[in-house]
Every structure is written in structure tokens, then in C-alpha cells.
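Descriptive analysis of the structure
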Amino acid sequence: MHPTHQPKAQPPGRPRRPQGSGKEPSRAPGPHPQPPGADGGGRAAVWRHDLSASVAVFLIAVPLSLGIALATGAPLQAGLVAAAVGGIVAGLLGGAPLQVSGAATSLVVVTADLVHRYGWRTTCAITVLAGVCQLALGALRVARAALAVSPAIVHGMLAGIGAAIAIAQLHVALGGRPDSSALANLAALPRQLAAPHLGALLVGAVTVAVLVLWPRLPGGAGRALRSAVPAPLAAIAAATAVGVPIALPRVELPALHAVALPGLPQGPVAGIAAAVLTVTLVAGMESLLSAVALDKLRTGRAGPGDGTGGRADLNRELLGQGASNVVSGLLGGLPIAGGAIRGSANVAAGARTRRATVLHGVWVLVCAGLLAGMLELIPLAALAALVMVVGVKMVSFAHIRHVQRHREFPVYAATLVAVVAFGVLAGVTTGIVVAVVLSLRRLTHTRITVLEESGVHRVHVRGQLTFLAVPRLTRALAEVPDGANAVVALDGSFMDHAAYESLHHWCEAHRARGGWATLTGRTGTPITVPASSHACRPWTPWRNHHCTKPGAGTGGAGQLVGGLSAFQRNTAPLVREELARLAREGQRPTQLFLTCADSRLVTSMITSSGPGDLFTVRNVGNLMPPPGDDASCDSVGAAIEYAVEVLKVDSITVCGHSGCGAMQALLGGAGRDPGAQTPLARWLRHGRPSLARMERIGRLGRGEVAVADRPVTDDLERLSLVNVVQQLDHLMAHACVARRVAEGSLQLHGMYFHVAEAQAYVLDAGTGTFAAVRPEEPAPVH
């Protein structure tokens, strides 16, 4: 419960398809709706999405692949080979269908060192061996275990690689040549800045300027241009145009038949083994993390026919990456990994299935064969500037804030510095060592203080309470006099069994000597040990609530009394302070929530609201009779007037739900008799406008009402949705509501809650579409 949370109706983002399979008891049986793509028109639409996405990713992949190849010192065609193989092989075999694989950004520093140390043919052999290792790891199904590495180490590794890339490529953008060592490049940077090549500097500056300004193009024309032409392509095109009259080094692509095949590894066995291990781990880690990040971007959408369901199969993805590296190495390509840059662009462009990834690889292959002449016009300084910007973006301030919040910045910083200074494998090893040392320090570093305040002895324990801290804890507890009042505050997240036993025995002994002792957590809430293993949750049905079973002699209200007793025992101590504040200050809700009286609709649970948050009106069918319709309906009108004029709420939400009994009764003919005598029948007459509206718009909705990403299930759900829209119209008939909406101080929202799937939908009034509300998600890993 969040007493101070003010729920706001949020505009729907990309809707999330409900995954539940439960059905309402009152739902009429019928055939299951077909998934998108089950008919010919759907397949054509999916093909169109995949085709357009493949072109968009292809336009990003070509300049990026050439830039990565330039940064590693490999033949430039090796980047195109990696992009084509990554798209086709990993696209067909991988377990993340929307992930786009290609030349690995995270391996730029590693590959550059390998090319410098062993030569290109041996580097290709190392790529093949790393692919074989990835195949073995995928067969052993260890992919999920790789994600156990601390995010601080992963982000630090990527930031270190990004910093090394940016420093090296800055030399190329200034017209110089980078060294294989990041430290040497850093030391030589002042000399390079003092004497740049003006032509290369101009081309690099144009590239960076377009990359930075392209996403910020204003107006509708700017948005259309941004969606049609990716920023990397625009930057390379502009830089190439600027560099036409300038004598600069440019792309050189060897003939397709002149691909350098791998040779037998030449070098010390230990060095070759370390190189294979590094490529295997870094490429595999980047691919798996990118696949997990894309899972979050996919919003639960599974492409028809891809066979993957909702989540990526990480072991299959590792197998696909291994096969790609074997093929790429054999054909003279760079090491391959799945990348968040290309993958997120694929999702954003609307890709639905793995066809988009495979087609992008085909376009790269066609480009390398037919458009080599155009590619050879690109200045190397432009590619260097492009990769330099990519490297800078790998140092993410969002990641820095994230690890700082979790007190893991030392791990991040140590990994970053070690990657720049000593290489990727040494950097990751350094990060792991620092993480272990930091964890051990936190586990053993416990501060215990004893203070007396107003006759109460407070024992404050900061840090983890383990057996190592038991001697200090015992000495501190001995300072509390017999018979004194004591509070032991535990400000840590872990207490082992030895510490618990020591603390528990002291509390019992202190109470036996006439004292009073209590344990509190970080927030000051008392810590109690449950009497049994059963734990009742507020949303558990009463029939399963062992702690609210009726006592003897309580009669029919026993269950209710039992629930009240449980509230007084468990919940009242937690909310008493907040309710006391509300009692003093009065209610000041910002939301009026009009919903059905159905017992399954728990408004505080589905809106994550607490006392004082919602002014709620509930009636049968969530009906809002227009003013003057019937004098017997003044109670609802009075609540509207009170909320709008007195409480000054900011918004009104009308919430319908699945399986609504009132809507079922209207479909069955209730409320049609003008001479109805029962109160329920007279009340349901207020639902007749909704029924007439549904009959007028027909089963297809004619654009007035729909659910995003799935068809409306049946007439009962259709009427429930139409009823929400109709009641919003009735609200506007109230003068106070219409006035404040016109002033812009009041907003109206429609909502539909599917009970069986525990899924909320919010109405987009402009399109008449109810879109699924998605859960909140962490930022993807890049």
C-alpha cells in the first residue's frame, strides 16, 4: 500500500498483449480469435513490416560495420562479411528472432589487439575457435548463468571499451593513425590535436554534427526525414559529399574472390587460448544481454511462425552466435555478436519476425557485391567519427547513476579503468575481484552503537548481521541495563542464523528480567516472528484466510469480524499514522473513480492506491445517468458535483470490467420494459443508451471502439467497452464537468479491466481504442 501515491491515468504506449488464458464464466463460447498473420492479409502486413525494418537496419549496419572494421585494423570487407553472416546465420538459427547480429562493438579493442599481435589470418582462426566454444556452451545450456555477472562489471566493461574506441578513432578523425594501446593513444592525443589534418577534421566534424542534430530535426518534415533515413546513413552521406574535393584516405574493398581465409594460429598457445576465451566470453555476454534487453522492447509480441513464444531462448541464441562466428571466421569476417544498437533499431522499425534480420543480411551481401564503387567514396575519417560517437555513447551516464544507487560504483570504475589500461579480459577479472572484495567488506563491516534517549536504550546495527558480528553485538547488548526499555534497530538486509539466535535469546532473557525489548527494521517497523507458516495477504479470499476464520458464537458476521480483527492486528499499526493525518487535514483526492459494484473489482489493488487517493463511486454497471434523467439517480449526480466542485479533483475515470453482470442482463433484455417495477430493472434502464449505441455501430465497431492488438472477444465485452465510452458522454452532460473540461482543469478517462487476465486497458479517446497498460521495465542494456 502506498498511502501518498496519486494514481494518474497514463496515455497508452505500445500495448501489451494479455498473456492470461483464463475465461470469464459468463463469456459466450466461440472460436478463438486468430493471431495476426493467420490469414493472407495478416501475412502480407507482417511481410511489409519485416521488409521495411530490414531496409532500415541495413542502412545502419553498412556504415557501422565498415567503421568497426576500420577501428580494428582488419580489411574493411570483413565488417560487411560479419554483417551478412550475422544477419543470415544468426537470424536463422538464433533464439532471439528480432536481434540483429554483426561485427561486435564490444570486441573492437580486443580484435584490434589480435590483428596487431597475430595478424589477420590468425585472428580469423581465433574467431572460428571462439565460435566452436560458444557452440559448446550453448549445448551445455549455460547461457542463463552468464547473466549472473554483476551489471556494474558489464557496464564498466562496455564503458571501458567505448572509451578506448573513442580515443583511438579520434586520432583517425584528426587524420592520424591510432596505436594498439589505449594509454599510448591517450598520451599521443595532445600532439595529434595540435597538428590535425584539416580535411579529415572537417569531414569528422560534419559526421559528428549530423549524428547529433539528425534526431532533433524539428517539424513534421523532420520527423518524416528521420524515419526514412537513419542518422548514421545521413551522417556518412553528408560527410562523403563534403569530402569529395578533398584528398583523403577512403574505403578500399577487395574483390569478393580475394577474401582472406583463416590460417593456423601462429603464436604461443597460452596467448591464443586467452584470446579465444576473451572473444567467446565478451561476444557471448554482449549477445545475451542484448537479447534480454530486446525482450523488454518487444512488449510481449511473438511473431507468427518464429516459434519462440514471448521470451528469447538464450541457449539457442548462444548456439546461433557460435555458428555465426564459425562461418564468419571461415569467410574472413570479424567476430560477431548481437548488438543493442541494431536490435533496438529493428524493433523500433516494426520488425515482426526473424525474416527482418535475415533480409538485412541479404541486403548487406547484395550491397557488397553491387555497390562497392559507391562505398569506396566514403572517407575513412567519416567512418572513424561514426564509431567514435558509438564509443562515447557506450559510456552511459544512466548506467553510472544506476550503479551508484546500488553502491557499486567502485566496481564500475575499476572495470572501466582496467579495460582501458590492460584490456578486456584483465578489466573483467579486475571488476570481479573488486566486486568480491566489496561484498566481503559489506558482509563483515557492521557498526553497532548504543545510545540512551528519553529512558530508552537504542541499539543501532548498521550493515549485515552475520556470525562475525556476534561478539560485538553481544558486547553492545550487555550495555543495556536489566529492566530497561530497549529498541534494537536493524539497518541491514541480511541476518544469519547465528546472529538471529543470539539476538532472540537476549530478548527473551531481557524480558525475563523485567525489561522491555523490541526489534525494528530500516523504516522503524516492528519485526515480529509469525506464529505459523501461514501468511495472509490482503487479496486472499476469505474462504482461504485461516487468520480470519470466525470465532465461536459470532454468528453469521463471524468472517467479517475475523477480518476486522486481522486488520486491527496487522494493518492498523501500519496505516494509523497516515489515517490520523487524513483525519486532521481532511480528504484531498485528485481522482474520481466511477466503477462497478462487482466484488471482484478491487479498486485500491488495481490502481496501487491507498487512503485518501481515490474518491470512489460504485454502482451496478458503472452507470452515470445524465442530469435530469430520473430523480432517483441524484446520488450519482451528487457525487459527481461534490467531487468536481468541492474536492476539485483533476480527473474522472470511468472503469468497466469483463464479465459484468449488468451488461449481461442488458443483453438479455433487462431494462427494456418501460413499466419495470423492481429497483434493479428501473436502474438498468440507464444502460439502454449503451446498448443502442452498440447496436448502431455494429459488431465491427466502425472505428468507435476496439481493443489494441486483439479482437473484441464477444458481445458482452463489446457492450462493456461501449458502455465506458457512453458514460463518458453522459459525464459531459453535467454542467460542472463540461465547464472544467473546457477550462482545461479536468480530464476524463476511460478504463476497462479484464478480471481473468488481471489486465487493465486505457481508452485513447481519439481513436476509440483501449490499449493494454504495460508494467514498468528497467532500461535496456546497451
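Attention in this report is confined to the structure presented alongside it.

Basis of the calculations
- Residues numbered from 1 in each chain as written.
- Predicted model: local features only at pLDDT ≥ 70, side-chain atom pairs only at ≥ 80, totals over all residues.
- Heavy atoms only, no water.
- Helix = DSSP H or I, 4+ residues; strand = E, 2+ residues; numbered from the N terminus.
- Buried < 20%, exposed > 50% of the residue type's maximum accessible area, 1.4 Å probe, protein only.
- Contact = heavy atoms within 4.5 Å.
- Areas by Shrake-Rupley, 256 points an atom, 1.4 Å probe, with all protein chains shown as cover.
- Salt bridge = Lys/Arg side-chain N within 4 Å of Asp/Glu carboxyl O.
- Pairing = 2+ DSSP bridges.
- Axes fitted to C-alpha atoms, helices over the stretch in contact; angles between N-to-C directions.
- Expected span 1.5 Å × (residues − 1).
- Phe/Tyr/Trp six-rings, centres within 6.5 Å; stacked < 30°, edge-to-face > 60°.
- Core = buried A, V, L, I, M, F, W, Y, C linked by side-chain atoms within 4.5 Å.
- Left-handed = near helix turned anticlockwise from the far one by under 90°.
- Nonpolar A, V, L, I, M, F, W, Y, C, P; charged D, E, K, R; others polar.
- Arc of directions from axis to C-beta.
- Polar contact = N/O pair within 3.5 Å; in protein donor to acceptor, adjacent residues only side chain to side chain.

Summing up its helical and strand segments, the protein has 29 helices and 13 strands in all. Across the 782 residues of the protein, 48% fall into the buried class. At a minimum sequence separation of 6, the contacts of the protein that also span at least 24 residues come to 75%. When the accessible surface of the protein is totalled, it reaches about 37,100 Å², and 62% of it is carbon and sulfur.

What follows is about the pattern of salt bridges. Within this structure, the stated rule accounts for 13 salt bridges. A salt bridge links Glu453 to Arg458; the nearest nitrogen and oxygen atoms lie 3.2 Å apart. Overlapping salt bridges, with partners in common, bring together Glu578, Arg581, Glu585 and Arg588 in one network.

A separate point is the sheet that holds strand 10 (residues 706-707). Read across the sheet, 7 strands follow the order 8-7-9-11-12-13-10 without closing on themselves; strand pairing throughout is mixed. Edge strands, defined here as strands with exactly one partner in the open sheet, are strand 8 (614-619) and strand 10. Pairing of strand 12 (residues 759-764) with strand 13 (residues 769-772), which is carried by 4 bridges, proceeds in the antiparallel orientation. The partner of Asp764 across the bridge, within strand 13, is Thr769. Contacts from helix 24 (residues 634-646) reach strand 7 (591-596), strand 8 and strand 9 (651-657), with the element oriented near 170 degrees to strand 8.

Turning our attention to helix 8 (residues 198-213). Across its 16 residues, helix 8 extends 22 Å between first and last C-alpha, which sits within 8% of the 22 Å expected from 1.5 Å per residue. Against the buried residues of helix 8 lie helix 6 (151-173), helix 10 (231-243) and helix 16 (380-394).

Remark: the centre distance and the inter-plane angle together describe each pair of aromatic rings, the angle taken between the planes. Across all of its chains, the model carries 3 aromatic pairs by this definition. Between Phe409 and Tyr412 the ring centres are 6.0 Å apart and the planes differ by 25 degrees, which places this aromatic pair in the stacked class. A residue pair is termed a helical-turn pair when its members lie 3 or 4 positions apart in one helix, as Phe409 and Tyr412 do in helix 18 (residues 409-422) at 3 residues. A relative accessible area of 2% places Tyr412 in the buried class. Relative to Tyr642, the ring of Phe615 lies with its centre 5.8 Å away and its plane at 40 degrees, an arrangement referred to as tilted.

In terms of nonpolar packing, the biggest core is built from 93 residues, with Leu66 and Leu334 touching the most fellow members. If you tally residues by element for this core, the top one is helix 6, at 11 residues. Core analysis: the next-biggest nonpolar cluster, separate from the first, contains 45 residues, Cys633, Val649, Trp683 and Leu716 among them.

This part covers the pairing of strand 7. As a general feature of sheets, a regular strand has side chains that alternate between the two faces. Taking burial as the measure, the 6 residues of strand 7 include 6 buried ones, the bulk of the element. Pairing analysis gives 6 bridges linking strand 7 to strand 8, with the strands arranged parallel. Of the residues in strand 8, the one forming a bridge with Cys596 is Asn619. Judged from the 5 bridges that link them, strand 7 and strand 9 form a sheet pairing that is parallel. Looking across to strand 9, one finds that Leu592 is bridged to Ile652.

Right, let's talk about the sheet that holds strand 4 (residues 456-462) for a bit. Strand order in the open sheet formed by 4 strands is 3-4-5-6, with mixed pairing between adjacent strands. Because the sheet does not close on itself, it has two edges, and the strands there are strand 3 (447-453) and strand 6 (516-520). Each strand axis lies, on average, 15 degrees off the axis of its neighbour in the sheet, ignoring direction. The pairing of strand 5 (residues 485-491) with strand 6 spans 5 bridges and is parallel.

Moving on to the environment of Pro75. Inspection of the secondary structure assignment puts Pro75 in the loop between helix 1 (40-72) and helix 2 (76-93). The spacing of Pro75 and Gly333 is 258 residues in sequence and 8.7 Å in space, taken between C-alpha atoms.

The description of two helices packed together rests on the angle between their axes and the distance between the axes. Relative to each other, helix 2 and helix 12 (residues 314-330) sit at 145 degrees, their axes nearing to 8 Å. Both helix 2 and helix 12 take part in a crossing whose hand is right-handed. Contacts between helix 2 and helix 12 involve Val81, Ala82, Val85, Gly86, Val89, Ala90, Leu92 and Leu93 on the former and, on the latter, Arg316, Gly320, Gln321, Ala323, Ser324, Val327 and Ser328. Among the residues making up the contact of helix 2 with helix 12, the classes are represented as 9 nonpolar, 5 polar and 1 charged.

Glancing now at helix 20 (residues 470-478). When helix 20 is considered as a whole, its buried residues turn out to be Val470, Leu473, Ala476 and Leu477. Within helix 20, the buried residues cover an arc of 125 degrees as seen down the axis, which keeps them to one side. Of the residues in helix 20, the exposed ones pointing more than 90 degrees away from the buried face are Arg475 and Ala478. On the buried face of helix 20, the contacting elements are strand 3, strand 4, strand 5 and helix 21 (497-512).

Here we take up the side chain of Glu717. Looking at the secondary structure, you find Glu717 in helix 28 (residues 715-732). Non-local contacts of Glu717, meaning those with residues more than four positions away in its chain, are made with Arg710, Pro711, Val712, Tyr752 and His754.

What follows deals with the side chain of Ser324. Topologically, Ser324 is positioned in helix 12. On the basis of relative accessibility, which here comes to 0%, the residue Ser324 falls in the buried class. Side-chain polar atoms of Ser324 contact the backbone nitrogen of Ala90, separated by 3.1 Å. Leaving out residues up to four positions away in the same chain, Ser324 has contacts with Val85, Gly86, Val89, Ala90 and Ile336.

Note that all results are geometric; they support no functional claim without further evidence.
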